[in-house]
Amino acid sequence: MMDGSETHAKGPLDGLVVLDLSRILAGPTATQMLGDLGATILKIENPKTGGDDTRNWGPNYAKGEGGENTDLSAYFMCANRNKKSVAVDIATPEGQDIIRQLVARADILIENFKPGGLKQYGLDHDTLCAAYPGLVYCSISGFGQTGPNSHRPGYDLMAQGFGGIMALTGEPDGRPLKVGVGIADVMCGMYATIGILAALRHRDQTGEGQHIDVALVDTQMAWLINEGVNFLTSGNLPERRGNAHPNIVPYDAFAVADGHILIAVGNDAQFQRLCDFLGQPELGQSPDYATNLKRIENRQALTTHLSNALTGYSAHEVLTGLEQRGVPAGPINSVKDALTSDQASARQAVISVPKISVQSGAVELLGNPLKFSQTPVTYRNPPPHFGEDTEDILTAFGIEKPE
């Protein structure tokens, strides 16, 4: 586990100021990434609601010094490190003035209000981009700023349903399922980050900022990847296959004597070596299974045959034997197994960031996976309590706090 109190070099985005008017997960994912890369993130939170909605999304919270729940839910903390919390009511003229003063000093603004929702406050992209031509203004919404569904609210579950991924997720004879985490939100945040960095490159070359319109549903459909293009190429609707792969066989979870393991055969030579391990070399030479195309055509029969054969082995026997033969195979870890593994430790997948206001003196978070040789990711600030940085930020920016 990495200790977030260590001193690091400045990140590649050091000096950039990001005004974060987003909440929940997609926008905060993008701003946390920018913060990890060195940018200063000013998280604007509504004093009328107590801040970001996810502060109250329990049941897991960091405990205060007396053992009480704080406003740092696990959900909030997963996407809000390296940020300063500034309490501003943008529905008031005083709050709007504060935002405009902060925008004058900012490089980037990110918001996830309903399309047109900020216009009533004079904080919409048309108004602010005209006033500050170098501003990169990123709007995140469920369906985008245009189109017949632009008025609809955006939630991860709805995006997964509308965008097609739920039709592909689950067992063939079961009901459609969402992915186990808010993947539509997270991927939308990642696309937003890429767009922002590209817009900054353009701004640095030309001095010209711009508006970025990114939607949960758009990005969800974009990462249908091979299954989306399978449909566009053939006209055939993809099917739910559980853990199986539409284009490679065998590529699935299999039961063994003491649990389940994964086997991912990527080519014909690997399939032959799998058959050798099972003591059935003739299976790999059978005309019905010798090529991947034939294995796809005879998927059901082959899967049944392999499933029956593998139940006679333990997980250790299969994983060890296939690794020795160069056949991709692996375990199905619990979250605990994954995050406490030697691999997680070696790659700093879990970090500990000091936070004196919580009972343990630190919060444990998931680390950033990016590894830079010259400008490493930094963990400068733990997730903030609501509004804890308001006075410091307003003072630093020379802004008078309204009475």
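The rules behind each value
Residues numbered from 1 in each chain as written. Predicted model: local features only at pLDDT ≥ 70, side-chain atom pairs only at ≥ 80, totals over all residues. Heavy atoms only, no water. Buried < 20%, exposed > 50% of the residue type's maximum accessible area, 1.4 Å probe, protein only. Helix = DSSP H or I, 4+ residues; strand = E, 2+ residues; numbered from the N terminus. Axes fitted to C-alpha atoms, helices over the stretch in contact; angles between N-to-C directions. Parallel < 35°, antiparallel > 145°, perpendicular 65-115°, else oblique. Left-handed = near helix turned anticlockwise from the far one by under 90°. Contact = heavy atoms within 4.5 Å. Nonpolar A, V, L, I, M, F, W, Y, C, P; charged D, E, K, R; others polar. Pairing = 2+ DSSP bridges. Right-handed = clockwise from strand over helix to strand, strands pointing away. Disulfide = S-S within 2.5 Å. Phe/Tyr/Trp six-rings, centres within 6.5 Å; stacked < 30°, edge-to-face > 60°.

Chemist: Just to check I follow, could you spell out helix H1 (residues 26-36) for this structure?
Modeler: An α-helical turn contains 3.6 residues, so any two residues separated by three or four positions project in the same direction. For H1, the buried fraction is high: 11 of the 11 residues fall into the buried class. Within H1 the residues assigned to the buried category are Ala26, Gly27, Pro28, Thr29, Ala30, Thr31, Gln32, Met33, Leu34, Gly35 and Asp36. With its phi angle positive at about 110°, Gly38 sits one or two positions after the end of H1.

Chemist: I'm lost on the packing of H1 against helix H6 (residues 183-206) in this one. Help?
Modeler: Relative placement of two packed helices is described by the angle separating their axes and the distance separating the axes. Contact geometry of H1 with H6 gives a least axis separation of 7 Å together with a crossing angle of 50°. Relative to H6, the element H1 is oriented oblique. Here H1 runs over H6; the crossing is right-handed. Here H1 contributes Ala26, Thr29, Ala30, Met33 and Leu34 to the contact with H6, which in turn contributes Asp185, Val186, Cys188, Gly189, Met190, Ala192, Thr193, Ile196 and Leu197. Of the residues assigned to the contact of H1 with H6, the class counts are 10 nonpolar, three polar and one charged.

Chemist: Even after reading the chapter, I still don't get the pairing of strand S7 (residues 108-111), so can you show me in this structure?
Modeler: It is a general feature of regular strands that their side chains alternate between the two faces of the sheet. Along S7, one buried face is formed by Ile108 and Ile110 and the opposite face, lined by Leu109 and Glu111, is buried too. Both strand S2 (residues 17-21) and S7 contribute to a ladder of four bridges, which runs parallel. Directly across from Val18, in S7, lies its bridge partner Ile108. Of the pairings in the sheet, the one linking S7 to strand S8 (residues 136-141) comprises four bridges and is parallel in character. Note on S8: the bridge partner recorded for Ile108 is Val136. Of the crossover connections in this fold, the one passing from S7 over helix H4 (residues 125-131) to the parallel S8 is right-handed.

Chemist: Before we go on, may I ask you to explain the state of the cysteines in this structure?
Modeler: Covalently bonding the sulfur atom of one cysteine to the sulfur atom of another cysteine gives a disulfide. Overall, the coordinates contain zero disulfides when judged by the stated rule. Counting only cysteine sulfurs, Cys188 is the nearest neighbor of Cys78, a cysteine outside any disulfide, at a range of 15 Å.

Chemist: Would you mind showing me how to read the packing of aromatic side chains here?
Modeler: When we look at a pair of aromatic rings, we describe it by the centre distance and by the angle of the planes. For the coordinates displayed, the defined rule picks out three aromatic pairs. Aromatic side chains Phe143 and Phe162 sit 5.1 Å apart centroid to centroid with 90° between the ring planes, which places their arrangement in the edge-to-face category. Of this pair, Phe143 sits in the loop between S8 and helix H5 (156-163) while Phe162 sits in helix H5, placing them 19 residues apart in sequence. The exposure class assigned to Phe143 is buried, which follows from its relative accessible area of 12%.

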